[in-house]
Amino acid sequence: AQSVTQLDSHVSVSEGTPVLLRCNYSSSYSPSLFWYVQHPNKGLQLLLKYTSAATLVKGINGFEAEFKKSETSFHLTKPSAHMSDAAEYFCVVSSMDSNYQLIWGAGTKLIIKP
Amino acid sequence: SAVISQKPSRDICQRGTSLTIQCQVDSQVTMMFWYRQQPGQSLTLIATANQGSEATYESGFVIDKFPISRPNLTFSTLTVSNMSPEDSSIYLCSVDIGEYEQYFGPGTRLTVT
């Protein structure tokens, strides 16, 4: 069965410094992978997705993620954090048991220090 | 992409009552989903709602507690029945636009007292 693990429940960085949110997945096939962001009291927004094309995926707001099959990882990065990046981030993997279901990570809360 | 609206955006309800949440999409979609997000938690899929067929419920969720309607390709409702404080959550609808990509509504924040 597939699973997804977000290695940090909270990440705190200073404004202007790099962001790294870690995600590992478990799957017996090549999955689709996503990062979603949820700002306080707002809905979920798709940041980026990997669907077996380029392994380095660029998303919105300067975020990018690299699919590493050998490490079963899909870490999210951003070179320079902005105060507006403070939010909850979810790593998500497609389910092999259906052609539409998603498996959600527990989430990582990103805190930006001024 | 798809634009999704939900009503109500929030509500405070008494235990034992029911609340119906509406989800409207700006385009026709085959698959719609209902999720629950308990405070400080990730998302849990409640059910999948396809137009013209019965909703498919995930383990731990039953139709008597969470009846769903899907009358057409742009609209769905979720009812939370006989509510208890444990039902206090954010309820989200989403649509699948292909290749597992889902777009979400803004959510309904439910508090049961």
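Keep in mind it's a predicted model, so treat the numbers as computed, not measured.

1. Thoughts on the overall build of chain B
And step 1. Within chain B one finds zero helices and eleven strands.
And step 2. Listing each helix as α and each strand as β along chain B from the N terminus yields β-β-β-β-β-β-β-β-β-β-β.
And step 3. Each principal axis of the C-alpha distribution contributes one length, and for chain B these read about 40 × 25 × 20 Å.
And step 4. Relative to its 113 residues, chain B shows a buried fraction of 51%.
And step 5. Long-range pairs, those at least 24 residues apart, make up 52% of the contacts in chain B between residues at least 6 apart in sequence.
And step 6. Computing the positive centroid from 7 side-chain charges and the negative centroid from 10, chain B places the two 11 Å apart.

2. A word on the interface of chain A and chain B
Reports often express the size of an interface as the amount of accessible area lost when the parts come together.
And step 1. Across the boundary between the two partners, chain A contributes 22 residues, which contact 20 residues of chain B.
And step 2. Buried area between chain A and chain B, both sides added, is near 1700 Å², and the carbon and sulfur share of it is 53%.
And step 3. On the chain A side of the interface with chain B, the three residues burying the most area are Leu44(A), Tyr100(A) and Trp104(A), jointly 33% of the side's total.
And step 4. Residue Lys49(A) pairs with Glu101(B) through a salt bridge whose shortest N-O separation is 2.3 Å.
And step 5. Taken together, the links from chain A to chain B amount to six residue pairs in polar contact (both at pLDDT 80 or more).
And step 6. Where the side of chain A that touches chain B is concerned, the elements lending two or more residues are strand E5 (33-38), strand E6 (44-50), strand E10 (87-94) and strand E11 (102-104) of chain A.
And step 7. Classifying every residue of the side of chain A that touches chain B gives nine nonpolar, eleven polar and two charged.

3. Things to note about the packing of aromatic side chains
And step 1. For the coordinates displayed, the defined rule picks out twelve aromatic pairs over all chains.
And step 2. Judged by centre distance (5.5 Å) and plane angle (45°), the ring pair of Phe63(A) and Tyr89(A) falls under tilted. Separated by 26 residues along the polypeptide, Phe63(A) in the loop between strand E7 (56-58) and strand E8 (64-68) and Tyr89(A) in strand E10 bring together distant segments of the chain.
And step 3. Taking relative accessible area as the criterion, Tyr89(A) reaches 1% and is therefore assigned buried.
And step 4. Taking 5.6 Å as the distance between ring centres and 85° as the angle between the ring planes, the aromatic pair formed by Trp104(A) and Phe104(B) counts as edge-to-face. Here the residue Trp104(A) occupies a position in strand E11, and Phe104(B) occupies one in strand E10 (residues 101-104), the pair thus bridging two chains.
And step 5. Note on Trp104(A): relative accessible area 11%, which makes it buried.

4. Re the side chain of Ser42(B)
And step 1. Along the chain, Ser42(B) falls in the loop between strand E4 (31-37) and strand E5 (43-50).
And step 2. Dropping the residues within four chain positions of it, Ser42(B) is found in contact with Phe90(A), Trp104(A), Gly105(A), Ala106(A), Arg36(B) and Gln37(B).

5. Some thoughts on the pattern of salt bridges
Residues and elements named next belong to chain A.
And step 1. Taken as a whole, this structure holds five salt bridges over all chains when the rule is applied.
And step 2. Across the salt bridge formed by aspartate 85 and lysine 78, the nearest N and O atoms sit 2.8 Å from each other.
And step 3. According to the relative accessible area criterion, lysine 78 is buried, its value standing at 11%.

6. Notes on the pairing of E5(A)
Residue and element names in this part refer to chain A.
And step 1. Here E5 lies mainly inside the structure; six of its six residues are buried.
And step 2. Burial of E5 is two-sided: the residues Leu33, Trp35 and Val37 facing one way and the residues Phe34, Tyr36 and Gln38 facing the other way are all buried.
And step 3. If you look at the hairpin formed by E5 and E6, you'll find five residues sitting between the two strands, and asparagine 41 has a positive phi there, around 60°.
And step 4. Sheet analysis places E5 next to E10, joined by six bridges and oriented antiparallel. Residue tyrosine 36 lies in a different strand from E10, and its bridge partner there is phenylalanine 90.

Definitions and cut-offs
Residues numbered from 1 in each chain as written. Chains lettered and ligands numbered in written order. Predicted model: local features only at pLDDT ≥ 70, side-chain atom pairs only at ≥ 80, totals over all residues. Heavy atoms only, no water. Helix = DSSP H or I, 4+ residues; strand = E, 2+ residues; numbered from the N terminus. Buried < 20%, exposed > 50% of the residue type's maximum accessible area, 1.4 Å probe, protein only. Contact = heavy atoms within 4.5 Å. Lys, Arg positive; Asp, Glu negative; His and termini not counted. Charge placed at Lys NZ, Arg CZ, Asp CG, Glu CD. Buried area = accessible area lost by both parts, 1.4 Å probe. Salt bridge = Lys/Arg side-chain N within 4 Å of Asp/Glu carboxyl O. Polar contact = N/O pair within 3.5 Å; in protein donor to acceptor, adjacent residues only side chain to side chain. Nonpolar A, V, L, I, M, F, W, Y, C, P; charged D, E, K, R; others polar. Phe/Tyr/Trp six-rings, centres within 6.5 Å; stacked < 30°, edge-to-face > 60°. Pairing = 2+ DSSP bridges.

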